[in-house]
Structures are given as structure tokens and as C-alpha cells.
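In case you want the letters, here they are:
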Amino acid sequence: MTTTTIPANARPATAAGPKRRPRRERQGPAWVFLSPWVLGAIVLTLLPMAVSLYLSFTDYDLFNPPRWVGLRNYVQMFTEDPRYWRSVTTTLTYVVIAVPLQLGLALVVALALKSMKRGKAFYRSAFYAPSLLGASMSIALVWRAIFNDGGTVDNLFGTGGWVNRPGWALLAVALLTVWQFGAPMVIFLAGLQQIPPELYEAAAVDGAGKWRQFLSVTVPMLSPVLFFNLVLQTIQAFQVFTPAFAIGAGQGGPADSTLVYTLYLYDRGFVASHMGYASAMAWVLLIVIGAVTAVLFRTSRSWVFYASEGDR
């Protein structure tokens, strides 16, 4: 009988596997599907941003070729334009008023909807509707009529027309934003439904009441959602335009009390035809929003709780 010795380093013959296509061929279909988004980002976002950055260093009036002036627009903005600083103060005041009120109302309504047994879908849709309608100019004009002299608020409370009083006009703008609490409310409701009921049961066994459960269970478990809403609504508040334009009659009145940043940017760019100055304002706003967002992310480490981390 003849035996055959197989070398130790020999590998058994196997069927040849499918030949892998080159990496470039495998990425081709992905780029085909991504191409509409890539083209849109380049043509509609990156290219206009580059043009705006260039124009911010020029004197451009929409009718004549841009003329390079260097940092003059920025120097004039920070040192020679009192209305610019008035718009900054008005915008910051608006953000401080509108964002906390909107998020607080959204959370209260979300808590109420969570405890409802019947009709939850109807009320959720009803409360969300203002978020779809409130950004339109027609609703803003209706809001102006409600708070005008002889309007609904004046007839009910006798407080006069808010839109004609410098101390109250900005509050009317902020209340229109607060009325559009539907989007953060839906996000809060989704976050509340993800909190395990066992946590509330354990807290109840330990003797915690409703308020203590809210502070010790709901707030920590909901903090990532709260942080998400806070970032989104803060960014949107810095860019408010339509309510201030409608209530302030496009001029920021009365007495510049509704002259928010974007409204003044619009005035400089499209009313006064100082497009270079408006472009500089737009870039300052972009930098400020980025800085505020970075601060929010930085401070979130001390108060946002993620269950997977097990700590704050």
C-alpha cells in the first residue's frame, strides 16, 4: 500500500471565491445617489457662502461692480453704527425671553399629553399645527392685528396696542414664537415615552412624590432631549425675521424696539443696497451662532445625562 505525504504548509484546494470589484467601482453607485445632495450643497450653500464672504470685504450696492474695501465694513459695524448694536441688544433680549418660555410650555404640554388616556393623537396634532402655520407672513399679520390698538388683547385686558408701545412690541414678537411650541413638544413627548416606568415605580417606593420624581427621574432622563431642543430653538431664535418684520411694519418700530438682527441685515442689504455691509453682518451672525452652540455643547457635560454613560 502506497502512502502520500502532504506537506504541513500545504493548503487544501478550495473553490475560487467571487472576485471583489475594485473599490472605485463599488463607490460609484453611492456617488450617483449622493450627487443631487452634493451638487445642491455646493451650488446652493458653499458657493453662496464663498461669494458672501468676498462681498463682506467690498462696497457693493447691487448695481455696480464690487469695490474692495478690506475690513471697513466690520470696523463701521462695531464702532460707527449705533443701530447695529441696538439690533444686537434686541435680538439677545428676544432670545432670552422666547426660548425659555417656548421650551417650558412645550414641556408642560408634553407632560399633560403623556398622562392622557384618550384623544392623545388629536391634541398632539392640534398643538403641532401652529408650528406649521406660525412662520407665515399671514399669521404674523393676524398676530399684529390681535395686539394692535382695538385688537383682541386691547378689548379683553384694556392694555392698549402692544405693537405701538416700545416696551411691549418685542414681547408680542416673542409670544408668536412661544405659540409655535409644537415641534419641541413632539420631541419632548417622544423622549418622555422612552423613560422606563420602573424608574418611577422605584422612586415611588422610596417615598418620592410627583415633584421629586420629576426632578430626580424625568429631568435627568430627559436632559438629552432638552439639550437637543435648546440648541435648535436657540439657533432659530437668533435668525427670527418674519414676526419682527410684520409686527414692526418692516422698520423695526416702534422706536427700533423690534429691530432684530436679521431685520436690520435685510434693511442694510435690500433697502439701503449696502450688500457688502449686509454680508459682513451675516458672517458675524454665523460666527456668533457657532460660538453660542459651542458653549452649549461645552456646558452640556455638566447637566446632560446619558443612560449609557451611567453618570453626568
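You'll find the structure just up there.
Residues numbered from 1 in each chain as written. Predicted model: local features only at pLDDT ≥ 70, side-chain atom pairs only at ≥ 80, totals over all residues. Heavy atoms only, no water.

1. So, a nonpolar patch on the surface
- Together, Ile42, Val43, Leu44, Leu46, Met49 and Leu286 make up an exposed nonpolar region whose accessible area comes to about 570 Å².
- Among the structural elements, Met49 can be located in helix α1 (residues 23–55). (Patch = residues over 30% accessible without salt bridge, like charges linked within 9 Å, V, L, I, M, F, W, Y side chains within 5 Å. Areas by Shrake-Rupley, 256 points an atom, 1.4 Å probe, with all protein chains shown as cover. Salt bridge = Lys/Arg side-chain N within 4 Å of Asp/Glu carboxyl O. Helix = DSSP H or I, 4+ residues; strand = E, 2+ residues; numbered from the N terminus.)

2. Thoughts on the side chain of Thr58
- Tracing the sequence through the fold places Thr58 in strand β1 (residues 58–59).
- Engagement of the side chain of Thr58 in a polar contact is seen with the backbone oxygen of Leu55, the distance being 2.8 Å.
- Leaving out residues up to four positions away in the same chain, Thr58 has contacts with Pro66, Arg67, Trp68, Val69, Asn73 and Gly276. (Polar contact = N/O pair within 3.5 Å; in protein donor to acceptor, adjacent residues only side chain to side chain. Contact = heavy atoms within 4.5 Å.)

3. Concerning the packing of helix α5 (residues 137–146) against helix α7 (residues 169–179)
- Their axes nearest at 11 Å, the elements α5 and α7 cross at an angle of 130 degrees. Of the possible angle classes, the one that applies to α5 and α7 is oblique. Remark: the crossing between α5 and α7 carries right-handed chirality. Counted together, Ile139, Ala140 and Trp143 of α5 and Ala172, Leu175, Leu176 and Trp179 of α7 form the full contact between these two elements. (Axes fitted to C-alpha atoms, helices over the stretch in contact; angles between N-to-C directions. Parallel < 35°, antiparallel > 145°, perpendicular 65-115°, else oblique. Left-handed = near helix turned anticlockwise from the far one by under 90°.)

4. Observations concerning the layout of surface pockets
- In this structure, the second largest pocket spans a volume of roughly 220 Å³.
- Taken together, Leu111, Lys114, Tyr200, Lys210, Gln213, Phe214 and Thr218 make up the full set of residues lining the second largest pocket.
- Of all the elements in the fold, those that place two or more residues in the lining of the second largest pocket are α3 (82–114) and α10 (210–238).
- Among the residues making up the lining of the second largest pocket, the classes are represented as three nonpolar, two polar and two charged. (1 Å grid on protein atoms, 1.4 Å probe; cavity = no way out; pocket = protein on both sides within 12 Å on 5 of 7 lines; lining within 4 Å. Points joined across faces, edges and corners; volume = space filled by probe spheres on them. Nonpolar A, V, L, I, M, F, W, Y, C, P; charged D, E, K, R; others polar.)

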